[in-house]
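Chains, contacts and geometry: an overview
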Amino acid sequence: MRPFAYERATDAASAVAAIDGDAMYLGGGTNLVDLMKLGVHAPARLVDVSRLSDDGIEELPDGGLRIGGAVRNTVLATNPAVRERYPLLAQALLSGASGQLRNMATVAGNLLQRTRCAYFQDVSKPCNKRRPGSGCPAREGDHRNLAILGHSEACVATHPSDMAVAMAAIGAAVQVLGRNGARTIPLPGLHRLPGDEPQRDTVLEPGDLITAIELPALAFAGRSTYRKVRDRASFSFAVASIAAAVALDDDATVRECRIAFGGLAHVPWRATRAEQALRGAPATAEAFGAAADAELEQARPLRDNAFKVALARNLLVGTLSDLCEAA
Ligand SMILES: Cc1cc2nc3c(=O)[nH]c(=O)nc-3n(C[C@H](O)[C@H](O)[C@H](O)COP(=O)(O)OP(=O)(O)OC[C@H]3O[C@@H](n4cnc5c(N)ncnc54)[C@H](O)[C@@H]3O)c2cc1C
Ligand code: SF4
């Protein structure tokens, strides 16, 4: 690993001022330090933002929550308001990594963790995301666990975060402090599809610091869930996952719903076509299947991952059926 300097930021403004071309923010380090050991990242300086004072969870006037960027994943998952009002978020967090990792990982770092594509992590291989223009061996190689939605010729990677999928379903807003001041980025909207610039995971600019994430009040998110399919029972990233919340009218039609998929795209994939198809529809397996088909019509599976289309469909139908049955 390349030697690096370490400094701890005392506030957000000084953290932003401390970042130059060769420095990176350090959250819990559970992704970044691994990538430094592998030679994927080689910053000359780390600016530790994991102990900024902005590390609490606060009530917002509209009934939502403001979560500091340095809040640890365990703290967020076990917060009583999150468990009660956003069960899909608590479940998504608890489905990820291990207890020890969640104790270290920060909310901001979780959002910005990088793809688990094996070629990206292996510096002896070409990879457009790591070295633009070098090629994408995953396209013809090992892509069983990679994207079926929104991928490009240049990159077929998936975004690995479970938490981000739940936040995309909720419609969270990411607060950012950059060199030109503060701004808000909606989720989805932070992460970007690869296009011909797969080296850019997000719309963030150099030096941008995630200071907080705001969850809007979402009355029906109390009836919500996160379901994850993975190759083994724990300590494993999603092959496919779904975050879903649903509100029913008295006659068992869907009044409102939120659906997002993980493990299928370079971004947490908000299933807006499925949501649109379901509003006003009967809460039946047939309607859920039709909504899944409306969304997955856009899928462009690769040679070895067409199974994800059926998997995502089954996830949507099964998850919404269970949510509505419990209603
Ligand atoms: C064995 C293993 C299994 C895992 N399984 C899962 C899983 O199943 N599901 C899942 O979702 N995740 C999983 N993870 C990933 C884990 O959730 C992430 O590593 C973690 O959330 C990253 O958070 P961090 O604070 O440690 O980030 P860091 O590693 O510190 O940083 C990650 C990135 O974010 C940047 N950054 C950090 N803070 C800020 C900030 N405030 N503003 C701007 N940039 C910032 C850093 O510069 C870096 O680029 C797993 C990890 C491991 C090692
Ligand atoms: S899928 Fe993306 S991350 Fe993986 S090898 Fe191709 S360019 Fe690199």
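A brief structural summary. Please read all numbers here as calculations on a predicted model, not as lab measurements.

1. Things to note about the overall build of the protein chain
- Helices and strands together make up the secondary structure of the protein chain, namely twelve helices and twelve strands.
- The C-alpha atoms of the protein chain give 19 Å as radius of gyration, which agrees with the globular expectation for 327 residues (20 Å, within 12%).
- With the C-alpha coordinates aligned to their principal axes, the bounding extent of the protein chain is approximately 60 × 50 × 35 Å.
- Buried residues in the protein chain amount to 54% of all 327 residues.
- Of the contacts formed within the protein chain by residues at least 6 apart in sequence, a portion of 63% connects residues at least 24 apart.
- Counting every atom, the protein chain has about 13700 Å² of accessible surface; 52% of that belongs to carbon and sulfur.
- The distance from the centre of the 36 positive side-chain charges to the centre of the 36 negative ones in the protein chain is 6 Å.

2. Notes on the site of ligand 1
- What surrounds ligand 1 is a group of 32 residues, the closest being Tyr25, Gly29, Thr30, Thr106 and Asp162.
- In the model, an oxygen atom of ligand 1 is placed 3.4 Å from a nitrogen or oxygen of the asparagine 110 main chain.
- Counting only elements with at least two residues in the shell around ligand 1, the list comes to β2 (23–26), α2 (32–38), α7 (107–111) and β8 (209–215).
- When its residues are assigned to classes, the shell around ligand 1 shows 15 nonpolar, 13 polar and four charged.

3. Comments concerning the nonpolar core
- Within the largest apolar cluster, 42 residues are counted, with the highest numbers of intra-cluster contacts made by Leu76, Leu89, Leu111 and Met167.
- Once you skip the residues sitting within four places of it in the chain, methionine 167 turns out to touch Ile67, Leu76, Leu89, Val107, Leu111, Ala172, Leu187, Ile213 and Leu215.
- Within the second largest apolar cluster, 32 residues are counted, among which are Leu149, Ile242, Ala312 and Leu316.

4. Examining the sheet that holds strand β4 (residues 57–59)
- Strand order in the open sheet formed by five strands is β4-β5-β8-β6-β7, and the pairing between neighbours is antiparallel. Each of the sheet's edge strands pairs with one partner strand only, and the pair in question is β4 and β7 (181–186). Each strand of the sheet is rotated relative to its neighbour by a mean of 25°, with strand direction disregarded.
- Across four bridges, the pairing between strand β5 (residues 65–68) and β8 is antiparallel. For arginine 66, the partnering residue across the bridge sits in β8 and is glutamate 214.

5. Describing helix α11 (residues 285–296)
- If you check α11, its first and last C-alpha atoms are 16 Å apart, about what twelve residues at 1.5 Å a residue would give, namely 16 Å.
- For α11, the complete set of buried residues consists of Ala287, Phe288, Gly289, Ala291, Ala292, Glu295 and Leu296.

6. Points about the sheet that holds strand β11 (residues 254–262)
- Reading across the sheet, the four strands line up as β9-β10-β11-β12 and stay open at both edges, with antiparallel pairing between neighbours. Each edge of the sheet is formed by a strand with only one pairing partner; in this case those strands are β9 (224–229) and β12 (269–270).
- Of the strand pairs in this sheet, strand β10 (residues 240–248) and β11 are connected by eight bridges, and their pairing is antiparallel. Among the inter-strand pairings, isoleucine 242 is bridged to a residue of β11, identified as phenylalanine 261.
- Against the sheet, helix α5 (residues 87–94) contacts β9 and β10, and its axis sits at roughly 25° relative to β9.

7. Comments concerning the site of ligand 2
- Looking at ligand 2, there are 13 residues lining it, with Cys117, Cys127, Cys136, Cys155 and Val156 nearest.
- Here the shell around ligand 2 is composed, by residue class, of eleven nonpolar, one polar and one charged.

8. Quick word on the packing of α11 against helix α12 (residues 307–325)
- Two elements in contact, α11 and α12, have axes separated by 9 Å at closest approach and are oriented at 145°. Of the two elements, α11 crosses α12, and the hand of that crossing is right-handed. Mapping the contact onto sequence places Ala285, Phe288, Gly289, Ala290, Ala292, Asp293 and Leu296 in α11 and Val309, Ala312, Arg313, Leu316, Val317, Leu320, Ser321 and Cys324 in α12.
- Considering only residue class, the contact of α11 with α12 consists of eleven nonpolar, two polar and two charged.

Conventions adopted
Residues numbered from 1 in each chain as written. Chains lettered and ligands numbered in written order. Predicted model: local features only at pLDDT ≥ 70, side-chain atom pairs only at ≥ 80, totals over all residues. Heavy atoms only, no water. Helix = DSSP H or I, 4+ residues; strand = E, 2+ residues; numbered from the N terminus. Rg over C-alpha atoms; globule rule 2.2 N^0.38 Å. Buried < 20%, exposed > 50% of the residue type's maximum accessible area, 1.4 Å probe, protein only. Contact = heavy atoms within 4.5 Å. Areas by Shrake-Rupley, 256 points an atom, 1.4 Å probe, with all protein chains shown as cover. Lys, Arg positive; Asp, Glu negative; His and termini not counted. Charge placed at Lys NZ, Arg CZ, Asp CG, Glu CD. Near = heavy atom within 4 Å. Polar contact = N/O pair within 3.5 Å; in protein donor to acceptor, adjacent residues only side chain to side chain. Nonpolar A, V, L, I, M, F, W, Y, C, P; charged D, E, K, R; others polar. Core = buried A, V, L, I, M, F, W, Y, C linked by side-chain atoms within 4.5 Å. Pairing = 2+ DSSP bridges. Axes fitted to C-alpha atoms, helices over the stretch in contact; angles between N-to-C directions. Expected span 1.5 Å × (residues − 1). Left-handed = near helix turned anticlockwise from the far one by under 90°.

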